[in-house]
Protein chains: 2
Amino acid sequence: MMVLVTYDVETTTLAGKRRLRQVAKSCLNCGQRVQNSVFECLVDPVQFKQLKSRLEKIIDPDKDSLRYYMLGNNWKNRVEHVGAKAAYDPEGLLLID
Amino acid sequence: MMVLVTYDVETTTLAGKRRLRQVAKSCLNCGQRVQNSVFECLVDPVQFKQLKSRLEKIIDPDKDSLRYYMLGNNWKNRVEHVGAKAAYDPEGLLLID
């Protein structure tokens, strides 16, 4: 199933930027980054549980907001895109780290 | 039906910040801001068409990315939240404008 992960963090701090990189890294194992803090992850229920567990260890629950949207299996009919395509390079992210 | 609107813009520029405020303002007419650039809009098909038309006039399609996720009517079962709750004040946003 497709799960959309949206993540809100204060990226003006170094620690916030670091958490965003770590969230991105975890999501990129199972999907792609479609916007700066929006990730589309293709997971089965076990993988979703593992992903949640990883993400919830990374975030600061007092400062960050993490939302999951279950788009199911017929997710392609649920998504529409307008404007620029993001070109996020996971390798680039690792290099900055 | 619930439509999730996610918007990616370079907010380091004043023009980008302005576009984000305008997108937020349009989305707030039909829903709420759940993260900095994530909006949950409750619309019927006609309202969705109007919302899209408004948003697509605001954004810069060469620079900004806008995505719509159709969550349907049983959207409450599709959403999970972890961490801090965002407290976005639409009036505050208007005042900064």
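The structure we're discussing is the one just above.
Residues numbered from 1 in each chain as written. Chains lettered and ligands numbered in written order. Predicted model: local features only at pLDDT ≥ 70, side-chain atom pairs only at ≥ 80, totals over all residues. Heavy atoms only, no water.

Participant: Hey, could you run me through helix H1 (residues 14–28) of chain B in this one?
Facilitator: Three- or four-residue spacings in an α-helix give side chains the same orientation, since the helix completes a turn every 3.6 residues. Residue and element names in this part refer to chain B. With 15 residues, H1 extends 21 Å from end C-alpha to end C-alpha; this agrees with the ideal 21 Å at 1.5 Å per step. Buried residues of H1: Gly 16, Arg 19, Leu 20, Val 23, Ala 24, Ser 26 and Cys 27, and no others. Projection of H1 onto a plane perpendicular to its axis shows the buried side chains occupying an angular sector of 165°, all on one side. (Helix = DSSP H or I, 4+ residues; strand = E, 2+ residues; numbered from the N terminus. Expected span 1.5 Å × (residues − 1). Buried < 20%, exposed > 50% of the residue type's maximum accessible area, 1.4 Å probe, protein only. Arc of directions from axis to C-beta.)

Participant: Sorry if this is basic, but what is going on with the sheet that holds strand S2 (residues 31–35) of chain B here?
Facilitator: What holds strands together in a sheet is hydrogen bonding between their backbones, with the strands either parallel or antiparallel. Strand order in the open sheet formed by 5 strands is S5(A)-S4(B)-S1(B)-S3(B)-S2(B), and the pairing between neighbours is antiparallel. Since the sheet does not close on itself, it has two edges, and those belong to strand S5 (79–83) of chain A together with S2 of chain B, each with one partner. The sheet shows a mean angle of 20° between the axes of neighbouring strands, taken without regard to direction. With 5 bridges joining them, S5 of chain A and strand S4 (residues 65–72) of chain B adopt antiparallel strand pairing. (Pairing = 2+ DSSP bridges. Axes fitted to C-alpha atoms, helices over the stretch in contact; angles between N-to-C directions.)

Participant: What's the story with the relation of the copies chain B and chain A in this structure? I'm lost.
Facilitator: One chain copy maps onto the other through a rotation about an axis and a shift parallel to that axis. Taken as rigid bodies, chain B and chain A are interconverted by a rotation of 180° and an axial shift of 0.0 Å, the fit giving an RMSD of 0.0 Å. Here the transformation between the copies is reduced to the relation of a two-fold axis. Closest approach to the rotation axis among the C-alpha atoms of chain B is made by Leu 71 of chain B, whose C-alpha sits 3.6 Å away. Counting the interface residues of chain B, we find that 100% of their copies in chain A are interface residues as well, pointing to one common contact surface. (Least-squares fit on C-alpha atoms with pLDDT ≥ 70 in both. Contact = heavy atoms within 4.5 Å.)

Participant: Even after reading the chapter, I still don't get the environment of Lys 63 of chain A, so can you show me in this structure?
Facilitator: Position of Lys 63 of chain A relative to the elements: it lies in the loop between helix H2 (45–58) and strand S4 (65–72). The class of Lys 63 of chain A is exposed, set by a relative accessible area of 61%. Between the alpha carbons of Lys 63 of chain A and Ala 84 of chain A there is a distance of 29 Å; along the sequence they are 21 residues apart. Each residue touching Lys 63 of chain A, except ones within four places of it in the same chain, is listed here: Asp 8 and Arg 19 of chain A together with Ala 84 of chain B.

Participant: How should the packing of aromatic side chains be read in this particular structure?
Facilitator: The way to describe two aromatic rings as a pair is by their centre distance and the angle between their planes. Residues and elements named next belong to chain A. This structure, assessed with the given rule, holds 2 aromatic pairs over all chains. With centroids separated by 5.4 Å and ring planes inclined at 85°, the aromatic side chains of Phe 48 and Tyr 68 adopt a geometry described as edge-to-face. Of the two residues, Phe 48 sits in helix H2 while Tyr 68 sits in strand S4, which places them 20 residues apart along the sequence. Summarising the burial analysis for this pair, Phe 48 and Tyr 68 share the class buried. (Phe/Tyr/Trp six-rings, centres within 6.5 Å; stacked < 30°, edge-to-face > 60°.)

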